[in-house]
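Chain and residue survey
One-letter residues, chain by chain:
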2 protein chains.
Amino acid sequence: MLIVKAHVLFSGGKDSALSALLLEPYFEIQLVTCHFGILPTGETASEIAKELGFTHEILRPDMKILEDAAEIIKKDGFPNAAINYIHRRALELLAKKDEVELIADGLRRDDRVPRLEHSEIQSFEDKHKILYCSPLMGFGRLTINKMLESNLIITEEESAAILKCDYEAELREYLRREIGEEETRKHFPASHKQSRVISRIRHEHKNQV
Amino acid sequence: MLIVKAHVLFSGGKDSALSALLLEPYFEIQLVTCHFGILPTGETASEIAKELGFTHEILRPDMKILEDAAEIIKKDGFPNAAINYIHRRALELLAKKDEVELIADGLRRDDRVPRLEHSEIQSFEDKHKILYCSPLMGFGRLTINKMLESNLIITEEESAAILKCDYEAELREYLRREIGEEETRKHFPASHKQSRVISRIRHEHKNQV
């Protein structure tokens, strides 16, 4: 029944979690968190993955990627291009692993970053001889919220205490250590609401891999 | 558990069927086939819907829509804009129905038509106070094929005998009656491979609505 494994880039947030849930009836799910080790968020992601019932691994990219991203953000004054940059490097790193056949992420219809153009997706698939998908790309925010509310318990707070393991969290922390809190804050949108998955609502008769 | 019903535009083809399957764990599914009554394909769609285990209704748009689409195709010399036109009218017709809250279709990442721009989707949702999604939009052809092969039995033939109930089939037939087979053929791509769903592969422990 399960033809192939899907490696899902997973931050511990609701989007990447729902992405995995959508694929679950079709593929064996392996969650993969891209983590530079700047914050202790890799463990958080592992715990959430366990709660969701999926196997999980940490992908440790070269620190050079975070350094380059920090340079981009200092030049631009806002994080969009830097986050796009890290996401592409994470995808490439994952695509290079021998056992990887299908990569998924949590990008949505309304996301401005990260964002891949159609031609870029085709090049990425062709170059690495893998398949790539973004299961939430055809869904808007409100529809995704509807799907979430019956399947995942989420927490949302303006707080660093519930950091998920996303690129932005580590990028901020890296910059903070380099240029200080005040300067760093200027490079990011003022409101930085965190959300991460607490637990999964399990339904009877639901397909569990 | 089921928060809302999803009305899925359904041709009897593999894409709209898979779209419904993807939404099935999250919403009650109502399949809706847009059918002008030019060909007896509405019944085919009903039978396939029954085989899939979903409720089904036929949406009968004004013949004026097909007439207008035929004019577009005669002017353009190819069917893209005409098919885009019919799809938008079908979406609007469905959106105007009182009980409709969420509309889905079978559009994929690689489809050139029908295709809706992001701004157009937002206007459509706002204007009709509904949600719209294309569950396959984040998936490429090969990934979709992988998902299909473990869930649906499909037939594919270069044959009018297995017509599904899509816009192109009725548009071709309408034009054929108006301008003849030979002229009509000039307006469509040479190879017109038909595919439609035969049956569903049911898995144990799978969530069945």
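Note: the structure precedes this text.
Below: a short report on this structure. (Residues numbered from 1 in each chain as written. Chains lettered and ligands numbered in written order. Predicted model: local features only at pLDDT ≥ 70, side-chain atom pairs only at ≥ 80, totals over all residues. Heavy atoms only, no water.)

**Overview of the overall build of chain A**
Rules: A helix here means a DSSP run of H or I that spans at least four residues, while a strand means a run of E at least two residues long, and both kinds are numbered starting from the N terminus. Each radius of gyration is computed over the set of C-alpha atoms, and the globule rule expresses the reference value as 2.2 Å times the number of residues to the power 0.38. Note on classification: 1.4 Å probe, protein chains only; a residue is buried when its accessible area is under 20% of the maximum for its type, exposed when over 50%, partly exposed between these limits. A contact between two residues is defined here by any heavy atoms of the two lying within 4.5 Å. We get accessible surface area from the Shrake-Rupley algorithm with a probe of 1.4 Å; when it comes to residues, only the shown protein chains can shield them. All tallies of charge rest on Lys and Arg as positive and Asp and Glu as negative; His and the ends of each chain are not included. One atom stands in for each charge, and that atom is NZ of Lys, CZ of Arg, CG of Asp or CD of Glu.
A tally of regular secondary structure across chain A gives eight helices and seven strands. For a compact globule of 209 residues, the expected C-alpha radius of gyration is about 17 Å, and chain A comes in at 17 Å, within 12% of that figure. The C-alpha extent of chain A, read off along each of the three principal axes, is 50 × 40 × 30 Å. Among the 209 residues that make up chain A, the fraction classed as buried is 60%. When contacts within chain A are restricted to residue pairs at least 6 apart in sequence, long-range pairs at least 24 apart make up 76% of them. Summed over all atoms, the accessible surface of chain A reaches about 9,300 Å², with 48% contributed by carbon and sulfur. On chain A, the mean spot of the 30 positive side-chain charges and the mean spot of the 36 negative ones are 2 Å from each other.

**Comments concerning the relation of the copies chain B and chain A**
Note the cut-off: Here the copies are superposed with least squares, the fitted atoms being C-alpha atoms of residues at a pLDDT of at least 70 in both.
With an RMSD of 0.0 Å, the fit of chain B onto chain A corresponds to turning through 180 degrees and sliding 0.0 Å along the axis. Viewed as a symmetry operation, the transformation between the two copies matches a two-fold axis. By residue overlap, the copies meet face to face through one surface: 100% of the interface positions of chain B are interface positions in chain A.

**Quick look at the packing of aromatic side chains**
For clarity, the threshold we go by: Note on aromatic contacts: the rings of Phe and Tyr and the six-membered ring of Trp form a pair at centre separations within 6.5 Å, being stacked when their planes are under 30 degrees apart, edge-to-face when over 60 apart, and tilted otherwise. Here, a charge over a ring is recorded when the distance from Lys NZ or Arg CZ to the ring centre is within 6 Å and its angle to the ring normal is within 35 degrees.
Under the defined criterion, the tally for this structure stands at two aromatic pairs over all chains. Ring centres 5.8 Å apart and planes at 85 degrees place the aromatic pair B:Phe124 and B:Tyr132 in the edge-to-face group. Judged on exposure class, the residue B:Phe124 and its partner B:Tyr132 are both buried. Across the ring face of A:Phe188, the terminal group of A:Arg172 is positioned such that the distance to the ring centre comes to 4.8 Å.

**Here's the deal with helix α3 (residues 63-76) of chain B**
Residues and elements named next belong to chain B. Formally: Here, expected helix span is obtained from the residue count minus one, scaled by 1.5 Å. Residues adjacent in sequence count toward polar contacts only when both atoms are side-chain atoms; beyond that, a polar contact is any pair of N or O atoms within 3.5 Å, and within protein one must be able to donate a hydrogen and the other to accept it.
Between its first and last C-alpha, α3 extends 20 Å over 14 residues, near the 20 Å set by a 1.5 Å rise per residue. On its buried face, α3 sits against α4 (80-95) and α7 (167-179). A side-chain oxygen of the first residue of α3 lies 2.9 Å from the backbone nitrogen of Lys 64; this N-cap is Asp 62. Note on α3: the residue one or two positions beyond its end, Gly 77, has a positive phi of about 85 degrees.

**Description of the interface of chain B and chain A**
When the parts of a complex come together, some accessible area is lost, and that lost area is often taken as the interface size. For clarity, the cut-off: Note: buried area is the sum, over both parts, of the accessible area (probe 1.4 Å) each one loses when the two are combined. Should a side-chain nitrogen of Lys or Arg be within 4 Å of a carboxyl oxygen of Asp or Glu, the pair is scored as a salt bridge. Under the convention adopted here, Pro, Cys and the residues Ala, Val, Leu, Ile, Met, Phe, Trp and Tyr are nonpolar, Asp, Glu, Lys and Arg are charged, and Gly plus all remaining residues are polar.
Every contact between the two is made by 36 residues of chain B and, on the other side, 36 residues of chain A. Together chain B and chain A conceal approximately 3,100 Å² of surface at their shared face, both sides included; 65% is due to carbon and sulfur atoms. Counting across the chain B and chain A interface gives two salt bridges. The interface formed by chain B and chain A holds 10 residue pairs in polar contact (both at pLDDT 80 or more) in total. The set of elements that each furnish at least two residues to the side of chain B that touches chain A consists of α1 (14-23), α5 (118-128), β5 (131-133) and α6 (141-149) of chain B. When grouped by side-chain class, the residues that make up the side of chain B that touches chain A number 19 nonpolar, 10 polar and seven charged.

**A few points about the sheet that holds strand β4 (residues 102-104) of chain A**
Strand-to-strand pairing in sheets goes through backbone hydrogen bonds, with the strands running parallel or antiparallel. Residue and element names in this part refer to chain A. Rules: Two strands make a pair as long as DSSP finds a minimum of two bridges between them. Only the stretch in contact is used when fitting a helix axis, every axis being a line fitted to C-alpha atoms; angles between N-to-C directions are given from 0 to 180 degrees.
On the basis of which strands lie adjacent, the open sheet formed by five strands has the order β3-β2-β1-β4-β5 and parallel pairing. Two strands lie at the open edges of the sheet, namely β3 (55-59) and β5 (131-133), each paired on one side alone. Across the sheet, the mean angle separating the axes of adjacent strands is 25 degrees when strand polarity is ignored. Sheet topology note: the strand β1 (residues 5-9)/β4 ladder contains three bridges and is parallel.

**Structural notes on the sheet that holds strand β1 (residues 5-9) of chain B**
Residue and element names in this part refer to chain B. Strands sit in the order β3-β2-β1-β4-β5 across an open sheet of five strands; the sheet is parallel. Each end of this open sheet is capped by a strand with a single partner; those strands are β3 (55-59) and β5. Each adjacent strand pair in this sheet contributes to an overall mean axis angle of 25 degrees, direction not counted. Two strands pair when backbone bridges link them, and strand β4 (residues 102-104) and β5 are joined in this way by three bridges, in the parallel orientation. Bridging from a neighbouring strand, Leu 102 pairs with Leu 131 of β5. Packing against the sheet, α1 makes contact with β1, β2 (28-34), β4 and β5, and its axis sits at approximately 170 degrees to β1.

**Some thoughts on the pairing of β3(B)**
Residues and elements named next belong to chain B. Under the convention used in this document: Look down the strands so they point away from you; if the path from the first strand over the helix to the second goes clockwise, the crossover is right-handed.
Pairing analysis gives five bridges linking β2 to β3, with the strands arranged parallel. Looking at β3, one finds that Cys 34 is bridged to Leu 59. What joins β2 to β3 is helix α2 (residues 41-52), and the crossover it makes is right-handed.

**Remarks on the nonpolar core**
For clarity, the threshold we go by: Residue types Ala, Val, Leu, Ile, Met, Phe, Trp, Tyr and Cys, when buried and joined through side-chain atoms within 4.5 Å, form a set referred to as a nonpolar core.
Judged by nonpolar contacts, the single largest core of 62 residues is most densely connected at A:Leu23, A:Leu31, A:Leu52, B:Leu23, B:Leu31 and B:Leu52. Excluding its chain neighbours within four sequence positions, the residues that come into contact with B:Leu23 are A:Phe139, B:Ala6, B:Val8, B:Ile29, B:Ala104, B:Cys133 and B:Pro135. Counting 37 residues, the second-largest nonpolar core is a separate cluster that includes A:Leu59, A:Ala70, A:Ala90 and A:Met137.

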